[in-house]
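# Survey of secondary and tertiary structure
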Amino acid sequence: MPTLLYQGSPQEQVRRAEAIVAWLEKKPELAEPLYALLPQLRQEAEALARRMRDLDMGKACSGCAARSFGGCCSAYMAANCDVVLMVLNRLLGIELSLHNHAALGHDACCFLAASGCIFPVKPIFCLNYYCGHLKEKTASADMQKLEAQAGLVLGLQCAFEERLLQIVRNYADAVDVLGVV
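Note that the structure is a prediction, hence the values are computed from the model and not measured.

## Notes on the side chain of E44
Of note, E44 is situated in helix α2 (residues 28–54). Non-local contacts of E44, meaning those with residues more than four positions away in its chain, are made with Q149, L152, V153 and L156.

Shown next as structure tokens:
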């Protein structure tokens, strides 16, 4: 049943993530290992966001997404946003909303706002890939710092995923929650 954490449309995944968050809120003793990671994850994700903002990446990525085929932040990329990522961002206080892209173009990722990605903790692909346009306009030293910071976030993200999977596998009612949404 944990495969339901990784499949479905963005709308289905948002519903599953909201159901898991509601389930975790009723079982704080089970959620404690997840909550324990959140302060450090928030701190490292904010540091990464500052670095990305300083490099004007959100604006650049949204601008590229507005072009035909959506660039890297295309509608296809929404498939890289799984329930685990959504639960993590939801626990960080992010409202899971799907964006209407009349302004950006219909080919843009539904989690991309005009200012950039709505997620402080982004999909693994998005943190590991920087297009030629970004690399071209960014100094090598800045790219190295950006990649190092992304690595810190990814490590914590993987630890969160491990803990969430362990909880879902060990509690039948978590599996039931996933199965009914």
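## A short note on the side chain of D82
Along the chain, D82 falls in the loop between α3 (57–65) and α4 (83–91). Put simply, D82 is tucked away with no salt bridge, and the nearest opposite charge, on R16, sits 10 Å away. At 3.1 Å, the side chain of D82 forms a polar contact with the backbone nitrogen of V84. Beyond its immediate stretch of four places on either side in the chain, D82 contacts L5, Y6 and Q13.

## Examining the nonpolar core
The biggest cluster of nonpolar side chains holds 54 residues, and the ones touching the most others in it are L24, V87, F111, F160 and L164. When residues of this core are traced back to their parent elements, those giving at least two are α1 (10–26), α2, α4, β1 (112–113) and α7 (140–170). When neighbours within four sequence positions are excluded, L24 is seen to be in contact with A31, L34, Y35, V87, L91 and L164.

The rules behind these values
- Residues numbered from 1 in each chain as written.
- Predicted model: local features only at pLDDT ≥ 70, side-chain atom pairs only at ≥ 80, totals over all residues.
- Heavy atoms only, no water.
- Helix = DSSP H or I, 4+ residues; strand = E, 2+ residues; numbered from the N terminus.
- Contact = heavy atoms within 4.5 Å.
- Buried < 20%, exposed > 50% of the residue type's maximum accessible area, 1.4 Å probe, protein only.
- Lys, Arg positive; Asp, Glu negative; His and termini not counted.
- Salt bridge = Lys/Arg side-chain N within 4 Å of Asp/Glu carboxyl O.
- Polar contact = N/O pair within 3.5 Å; in protein donor to acceptor, adjacent residues only side chain to side chain.
- Core = buried A, V, L, I, M, F, W, Y, C linked by side-chain atoms within 4.5 Å.

Function cannot be inferred from these measures alone, as they are strictly geometric.
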